[in-house]
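# A closer look at the structure
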Amino acid sequence: MSKLWMRKVAKKIFRDTKYYLWYNTFQKSLICTKRKNAGQILLFNNNFFYHHGRAFYDSYREIFQKKIYQFKPVSKNPTIIDCGANMGLSTLFFSKYYPDAMVIAFEPDSYVFPFLKKNMKSQILENVHLEEKAVWISESSLDFYTDKGLGGRLNKEYSGQKSTRVETVRLKEILTKKIDMLKLDIEGSEFDVLKDCEEKLYLVDHIFIEYHSTYNEGQHLDDILNLLKQSGFRYHLKESFSRNKPFVDHTLSCEKFDLAINIFGYRN
């Protein structure tokens, strides 16, 4: 009996013991979502519906356990813009943790948006306004591709998938007053959108950007950081997804991206 085999058995016994004896009902339900394509779970005493179990599990841990979007608003009635709301976990977090806020959530994916809409209704969120549109540098109609999980992007296809047309809205034209939190998780469009909004970023107190670098295209992480610096932000970087062997693995599992970094911008 090899030592490696014994270690694997010991780890499995520990995991099973922890699952059955230590975890409460919600923790067990949360773990089960990883193995499901779609389903529902009880959050805040109301049903939350997910279209991709692993995406839900990873997002829940990041948003509600690690609380990466938590911030201290200056305004009594904060304005929060959630670009790339997906199934609605980030929107739910903003609504619940900042009940006096107005949350504007954008999600262009026609496959995902019904889950977002259903969840906002199920969770009885009255301070949320939904827009089935993509944020962009102009108002138009563009090709949109989705992996039917967490990924959906403009003008960059996933292999073997057909595009749909989505309506876009120019984010710059929405930034007309103080914004307490601006979240940009828009799968590769972030640099173009931020550059277009540069002269309006003084209105934003906190900004979250998931930066995506596209393989075989120019990288813009330094441009984004400089843009934030020039707009008066300090920034913090945190790895989102990574390649285990960067010299060998040229892309992440999400195909065309070779880097994903979370950027947190804030003011002193």
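Residues numbered from 1 in each chain as written. Predicted model: local features only at pLDDT ≥ 70, side-chain atom pairs only at ≥ 80, totals over all residues. Heavy atoms only, no water.

### Some words on the pattern of salt bridges
Just so we agree on the cut-off: Any Lys or Arg side-chain nitrogen found within 4 Å of a carboxyl oxygen on Asp or Glu counts as a salt bridge. In this description a helix means any DSSP run of H or I spanning at least four residues, a strand means any run of E spanning at least two, and both kinds are numbered starting from the N terminus. When a residue's accessible area, from a 1.4 Å probe over protein chains only, is under 20% of the maximum for its type it is buried; when over 50% it is exposed; and in between it is partly exposed.
Per the counting criterion, the structure on display carries 8 salt bridges. Among the salt bridges present, the one from Lys 183 reaches Asp 82, with a minimum N-O distance of 2.7 Å. Residue Lys 183 is found in strand 10 (residues 179-184), and its partner Asp 82 is found in strand 3 (residues 79-83); the two are separated by 101 residues along the sequence. In this structure, the salt-bridge partner of Lys 172 is Glu 199, at a minimum N-O distance of 3.4 Å. Of this pair, Lys 172 sits in the loop between strand 9 (164-170) and strand 10 while Glu 199 sits in the loop between helix 6 (190-197) and strand 11 (204-214); the two residues are 27 residues apart in sequence, bridging distant segments of the chain. The exposure class assigned to Lys 172 is buried, which follows from its relative accessible area of 15%. Overall, Glu 199 belongs to the exposed group, its relative accessible area being 55%. It is possible to trace a salt-bridge network through shared partners that takes in Arg 170, Glu 173 and Asp 196.

### Overview of helix 5 (residues 113-122)
Note the cut-off: Summarising the geometry, the arc corresponds to the directions from the helix axis toward the C-beta atoms. Note on contacts: a residue pair qualifies if any of its non-hydrogen atoms lie within 4.5 Å across the two residues.
Listed in full, the buried residues belonging to helix 5 are Phe 113, Leu 116, Asn 119 and Met 120. Buried positions in helix 5, seen along its axis, are confined to an arc of 125° and lie on one side of it. Where the residues of helix 5 are buried, they touch strand 2 (46-50), helix 4 (89-97) and strand 5 (128-131).

### Some thoughts on a positive patch on the surface
In plain terms, the rule: Any residue with relative accessible area above 30% and no salt bridge may belong to a patch, with like charges joined within 9 Å and the nonpolar Val, Leu, Ile, Met, Phe, Trp and Tyr side chains within 5 Å. The protein chains shown are the only cover counted for residues, whose accessible areas, like all others here, come from Shrake-Rupley with a 1.4 Å probe. For this count, His and the chain ends are skipped, Lys and Arg are scored as positive, and Asp and Glu as negative. Charge coordinates come from a single atom per side chain, which is NZ of Lys, CZ of Arg, CG of Asp or CD of Glu.
Together, Lys 34, Arg 35, Lys 36, Arg 61, Lys 66 and Lys 238 line one region of the surface with positive charge. Checked against the element boundaries, Lys 36 lands in the loop between helix 2 (25-33) and strand 1 (39-43). Its relative accessible area of 40% is what places Lys 36 among the partly exposed residues.

### Examining the sheet that holds strand 11
How we decide: Any two strands with at least two DSSP bridges between them are considered paired. Angles run from 0 to 180 degrees between N-to-C directions of axes, and those axes are lines fitted to C-alpha atoms, restricted for helices to the stretch in contact.
Taken in spatial order, the 7 strands of this open sheet run 5-4-3-10-11-13-12, and their pairing is mixed. Two strands lie at the open edges of the sheet, namely strand 5 and strand 12 (234-241), each paired on one side alone. Pairwise comparison of adjacent strand axes, ignoring direction, gives a mean angle of 15° for this sheet. Direction of pairing for strand 4 (residues 102-106) relative to strand 5: parallel, over a ladder of 4 bridges. Note on strand 5: the bridge partner recorded for Val 103 is Val 128.

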